[in-house]
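Each chain, letter by letter, is given below.
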Amino acid sequence: MRTISLVFTLAIALCAATAHADDVGVVVTGEATLQPTLSASLESWLRHHGHKLVSSPLEADATNALIDCFVLEDLGCARTVIEKRAKAQAVVYTRIDVTPGGEGMGDVTLVGYWLQKGHDPVGERRTCSHCNAEQLANTAEDLMTALAAEPPPVAADAPKPVAPPVVAAQVEVSDETRPSQLPKVVIGAGAALAITGVVLVAMDGPPGKTGVQQPTYTSYKTPGYALVATGVVVAAAGAYWWYRSGHNSAPVAAITPDGAVVGWAGRF
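Overview of the structure.

Observations concerning the overall build of the chain
When helices and strands are tallied, the chain shows 7 helices and 7 strands. For the chain, the succession of helices and strands along the chain, N to C, is α-β-α-β-α-α-β-β-β-α-α-α-β-β. The burial tally for the chain puts 31% of its 268 residues in the buried class. Residue pairs in contact within the chain that sit at least 24 positions apart in sequence constitute 60% of those at least 6 positions apart. Here the chain has roughly 17100 Å² of accessible surface; of this, 59% comes from carbon and sulfur atoms.

Shown next, in the form of structure tokens:
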């Protein structure tokens, strides 16, 4: 007996949940003379498509709060009102804007929203030019068809799409991608040779007078110039190597009539 009671209870709960998923209420605002006609058209469409209508899905103060949300164009506010205060799972809210014309009702614009719990609002707009009652009904049907076709699906228990997690891309620089240190060694060696050569050239000259004249003296100019030239070539080779590795700066060395210059040039 307990088993039968449990099964019966589960069946009732399942039916109630299924029915609740299709509960929809209609709220129409705007031109008062057209509200009954439009409400009837919207409710007819919902019944024809298998929805259970909920009369007065919002209390009067909740309806006013919803209207204020749309005046402010705050869809987040509208969703909050529906989530917390709607008696139905979904509410179709439609505003009627009328532009007077020479014949019929003039131009009628319907601004509709499908507000469903657990989903973001979906909005559509349709205009009926030089509208009459039949055209208004057709425009209302077109509006509802568009609202139902937009995501989210009409069923409240439809699974929500899950966005893939955002993973920050991390690029790890390996030893192979790092610029080689060898060009720096070559540049340093070339600079050292050039500096040594400059020092030797600067040291060259006849000995000072000490009272005893020296017939000969050792000249450092030749090896000095050789070292400067060699250092320039080596440093230039290293600089070119470094430049090909993606660097924008390099050492420079030059020989002038007054000596030699060793330095660093580049973009810093």
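Side note on the packing of helix H3 (residues 60-71) against helix H4 (residues 75-85)
For the pair H3 and H4, the least separation of the axes is 7 Å and the interaxial angle reads 160°. In terms of orientation, H3 lies roughly antiparallel with respect to H4. In the crossing of H3 with H4, the sense of the turn from one axis to the other is left-handed. Facing Asp 61, Ala 62, Ala 65, Leu 66, Cys 69 and Phe 70 of H3, the residues of H4 in contact are Leu 75, Cys 77, Ala 78, Val 81, Ile 82 and Arg 85. Within the contact of H3 with H4, the residues separate by chemical class into 10 nonpolar, no polar and 2 charged.

Some remarks on the environment of Ala 40
Looking at the secondary structure, you find Ala 40 in helix H2 (residues 35-48). For the pair Ala 40 and Ala 137, spaced 97 residues apart in sequence, the C-alpha to C-alpha distance is 8.9 Å.

Topic: the pairing of strand S4 (residues 107-116)
Most of S4 is tucked away, with 9 of its 10 residues classed as buried. By the bridge criterion, 10 bridges tie strand S3 (residues 90-99) to S4 in an arrangement that is antiparallel. Each residue of the ladder has a partner; that of Thr 94, found in S4, is Gly 112. Relative to strand S5 (residues 122-128), S4 runs antiparallel, the two sharing 7 bridges. Bridge pairing links Tyr 113 to Gly 123 in S5. Hairpin connection between S4 and S5: a loop of 5 residues separates the two successive antiparallel strands, and Gly 118 in this loop has a positive phi of roughly 85°.

Comments concerning the sheet that holds strand S2 (residues 52-53)
Across the sheet, which stays open at both edges, the 5 strands sit in the order S2-S1-S3-S4-S5 with mixed pairing between neighbours. Since the sheet does not close on itself, it has two edges, and those belong to S2 and S5, each with one partner. Strands strand S1 (23-30), S2, S3 and S4 of the sheet are contacted by H2, whose axis makes an angle of about 160° with S1.

Considerations on the nonpolar core
Core analysis: the biggest nonpolar cluster contains 23 residues, and Leu 46, Val 108, Leu 110, Trp 114 and Met 144 have the highest contact counts within it. At the level of elements, S1, H2, S3, S4, S5 and helix H5 (133-149) are the ones that each hand at least two residues to this core. Per element, the largest residue contribution to this core is 5 residues, and it comes from H5. Beyond its immediate chain neighbours, meaning those up to four positions away, Leu 110 contacts Leu 38, Thr 94, Arg 95, Ile 96, Glu 124, Arg 125, Arg 126, Leu 136, Thr 139, Ala 140 and Leu 143. Grouped together as the second largest cluster of nonpolar side chains are 15 residues, Ala 62, Cys 69, Tyr 113 and Leu 115 included.

Some thoughts on H4
Every buried residue of H4 is accounted for by Ala 78, Val 81 and Ile 82. Summarising the axial view, the buried residues of H4 lie within an arc of 95°, below the 170-degree limit, and thus occupy one face. Contacts from the buried residues of H4 go to H3, S3 and S4. Residue Asp 74 occupies the N-cap position of H4, its side-chain oxygen lying 3.2 Å from the main-chain nitrogen of Gly 76.

Rules and cut-offs
Residues numbered from 1 in each chain as written. Predicted model: local features only at pLDDT ≥ 70, side-chain atom pairs only at ≥ 80, totals over all residues. Heavy atoms only, no water. Helix = DSSP H or I, 4+ residues; strand = E, 2+ residues; numbered from the N terminus. Buried < 20%, exposed > 50% of the residue type's maximum accessible area, 1.4 Å probe, protein only. Contact = heavy atoms within 4.5 Å. Areas by Shrake-Rupley, 256 points an atom, 1.4 Å probe, with all protein chains shown as cover. Axes fitted to C-alpha atoms, helices over the stretch in contact; angles between N-to-C directions. Parallel < 35°, antiparallel > 145°, perpendicular 65-115°, else oblique. Left-handed = near helix turned anticlockwise from the far one by under 90°. Nonpolar A, V, L, I, M, F, W, Y, C, P; charged D, E, K, R; others polar. Pairing = 2+ DSSP bridges. Core = buried A, V, L, I, M, F, W, Y, C linked by side-chain atoms within 4.5 Å. Arc of directions from axis to C-beta. Polar contact = N/O pair within 3.5 Å; in protein donor to acceptor, adjacent residues only side chain to side chain.

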